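# Overview (structure and organization)
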Protein chains: 2
Amino acid sequence: MEKELDTVAKYLKEHDFKLTNQRRKIIETVFVSHDHFTADDLYDVLREKGESISKATIYRTLSLLCESGLVESRDFGRGQLYYEHVLGHDHHDHLICNGCGKVVEFKNADLEKLQGKVAKARGFRIESHSLRLFGRCKACR
Amino acid sequence: MEKELDTVAKYLKEHDFKLTNQRRKIIETVFVSHDHFTADDLYDVLREKGESISKATIYRTLSLLCESGLVESRDFGRGQLYYEHVLGHDHHDHLICNGCGKVVEFKNADLEKLQGKVAKARGFRIESHSLRLFGRCKACR
DNA sequence: ATATTTGCAAATTCTTTGCAACTTA
DNA sequence: TAAGTTGCAAAGAATTTGCAAATAT
């Protein structure tokens, strides 16, 4: 947590942003969680901790963290964005169960390599990608 | 066009839905386009043709077409859904330019095969997938 | 000090829904 | 004519924004 806070603090300083109490609390919460969460989830967790931070600030801070590259947003097709921190996480993709909604992370180097090849062949330089496999997990067959 | 209309008509009949004028016009427009379009785009094209069909009907018909499997929705991360018909189109994925917004379709069998393997290894049966490569096209470097 | 940030409430944007009038089969 | 469909306007849901008061550096 200390490390993450420092990393964000550095980013803030470099950009002339301020490390407010609200941002500190949000950061402490975001980087402790190793799950996907929505803006609303984050709002609720903070309230449970006794911190009532406005939705506006939650949204503003999340987009700031996304710009910093320390957090990424994911669209699982549920009408709202999910977030997840990527500090110390390698990039990964997602398997999403259409039955129970379970999300399983995976990574596969061959897949990434192949993607790079495809993009190159079309004259694109990849900056990011999103691969979502929708289907049914064993329990939901 | 005739073929597509028939296919949709058959789907409608099977489900006790009716082929209304509005649906016919929408279908005629959707299956003529070979591009990605939003609900709003569709609304505008129809108005240009002199057909003023309500947004509500546009949305209802698009979701009906998605359920039928004849149209698919795509999320290019622009805050609204894009649609595209898949009749006579093979499945494909998308390269999206972060510079100019250009969308290039591609398909790669090896990629799909590999995805299947990954899913299987995790006990998932894939029902669909979405792969989006975000980056910069040659012109936007 | 002063520029940034916050919270609030209002505004936006995309999409969905209730309902009475109207079509289609 | 019965059931499904339409348009309208209102409702929803998620997110963004304007602004005055508060806060960090």
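Residues numbered from 1 in each chain as written. Chains lettered and ligands numbered in written order. Predicted model: local features only at pLDDT ≥ 70, side-chain atom pairs only at ≥ 80, totals over all residues. Heavy atoms only, no water.

With that out of the way, let us pick up the nonpolar core. Ranked by size, the top nonpolar core spans 24 residues in total, and within it Phe106(A), Leu111(A), Phe106(B) and Leu111(B) carry the most contacts. When residues of this core are traced back to their parent elements, those giving at least two are β3 (93-97), α5 (109-121) and β5 (125-136) of chain A together with β3 (93-97), α5 (109-121) and β5 (125-136) of chain B. With residues up to four places along the chain from it excluded, the contact list for Phe106(B) reads Val118(A), Arg122(A), His92(B), Asp93(B), His94(B), Leu95(B), Leu111(B), Leu131(B) and Leu133(B). If you look at the next biggest cluster of nonpolar residues, it comprises 22 residues, including Val8(B), Ile53(B), Ile58(B) and Leu62(B). (Core = buried A, V, L, I, M, F, W, Y, C linked by side-chain atoms within 4.5 Å. Buried < 20%, exposed > 50% of the residue type's maximum accessible area, 1.4 Å probe, protein only. Helix = DSSP H or I, 4+ residues; strand = E, 2+ residues; numbered from the N terminus. Contact = heavy atoms within 4.5 Å.)

Turning our attention to the interface of chain B and chain A. Each side of the interface is counted separately: chain B has 34 residues, and chain A has 34 residues. With both chains or domains summed, chain B and chain A bury close to 3100 Å², and 61% of this area falls on carbon and sulfur atoms. A salt bridge links Arg136(B) to Glu127(A); the shortest N-O distance between them is 3.1 Å. On the surface where chain B and chain A come into contact, there are 14 residue pairs in polar contact (both at pLDDT 80 or more). Elements that contribute at least two residues to the side of chain B that touches chain A include exactly β3, β4 (103-106), α5 and β5 of chain B. Looking at the side of chain B that touches chain A element by element, the count peaks at 12 residues for β5(B). Here the residues of the side of chain B that touches chain A are counted per class, giving 15 nonpolar, eight polar and 11 charged. (Buried area = accessible area lost by both parts, 1.4 Å probe. Salt bridge = Lys/Arg side-chain N within 4 Å of Asp/Glu carboxyl O. Polar contact = N/O pair within 3.5 Å; in protein donor to acceptor, adjacent residues only side chain to side chain. Nonpolar A, V, L, I, M, F, W, Y, C, P; charged D, E, K, R; others polar.)

Here we come to the domain arrangement of chain A. Residues and elements named next belong to chain A. Partitioning chain A into structural domains gives domain 1 (2-85) and domain 2 (93-140). Each of domain 1 and domain 2 has a C-alpha centre, and the two are 24 Å apart. Around 530 Å² of area is buried between domain 1 and domain 2 when both sides are counted, 52% of it from carbon and sulfur atoms. When the area that domain 1 buries against domain 2 is broken down by residue, the three leading residues are His36, Phe76 and Arg78, summing to 68%. Where domain 1 meets domain 2, there are zero salt bridges. Taken together, the residues of the side of domain 1 that touches domain 2 sort by class into one nonpolar, two polar and four charged. (Domains from an automatic or database assignment.)

Within the structure, DNA strand C sits among 21 residues, and Gln22(A), Arg23(A), Thr57(A), Lys18(B) and Tyr59(B) are positioned closest to it. Those atoms of DNA strand C that come within 4 Å of the protein belong to sugar or phosphate at a rate of 72%. In this structure, Lys18(A) approaches DNA strand C through a main-chain N or O atom, which is 2.9 Å from a phosphate oxygen. The separation between a phosphate oxygen of DNA strand C and a polar side-chain atom of Arg23(A) is 2.5 Å. Put simply, the parts of the chain that give the surface near DNA strand C at least two residues each are α2 (21-30) and α4 (55-68) of chain A together with α4 (55-68) of chain B. (Near = heavy atom within 4 Å.)

Further remarks concern the packing of aromatic side chains. Residue and element names in this part refer to chain A. Tallied over the full model, the rule gives four aromatic pairs over all chains. Pairing Phe76 with Tyr82 gives two aromatic rings, centres 5.4 Å apart and planes at 45 degrees, and the pair type is tilted. Tyr82 shares its class with Phe76; the two are buried. Directly above the aromatic system of Tyr43 lies the positively charged group of Lys55, at a separation of 4.7 Å from the ring centroid. (Phe/Tyr/Trp six-rings, centres within 6.5 Å; stacked < 30°, edge-to-face > 60°. Lys NZ or Arg CZ within 6 Å of the ring centre and 35° of its normal.)

Before going further, it helps to spend a moment on the protein's contact with DNA strand D. Close contacts around DNA strand D come from 22 residues, with Tyr59(A), Gln22(B), Arg23(B), Thr57(B) and Arg60(B) the closest. By atom count, sugar and phosphate contribute 73% of the portion of DNA strand D lying within 4 Å of the protein. For DNA strand D, a phosphate oxygen lies 3.4 Å from a polar atom in the backbone of Leu19(A). Between Arg23(B) and DNA strand D, the recorded distance is 2.3 Å, taken from a side-chain N or O atom to a phosphate oxygen. Of all the secondary structure elements, the ones that give two or more residues to the surface near DNA strand D are α4 of chain A together with α2 (21-30) and α4 of chain B. Each residue belonging to the surface near DNA strand D can be placed in one class, and the counts come to seven nonpolar, nine polar and six charged.

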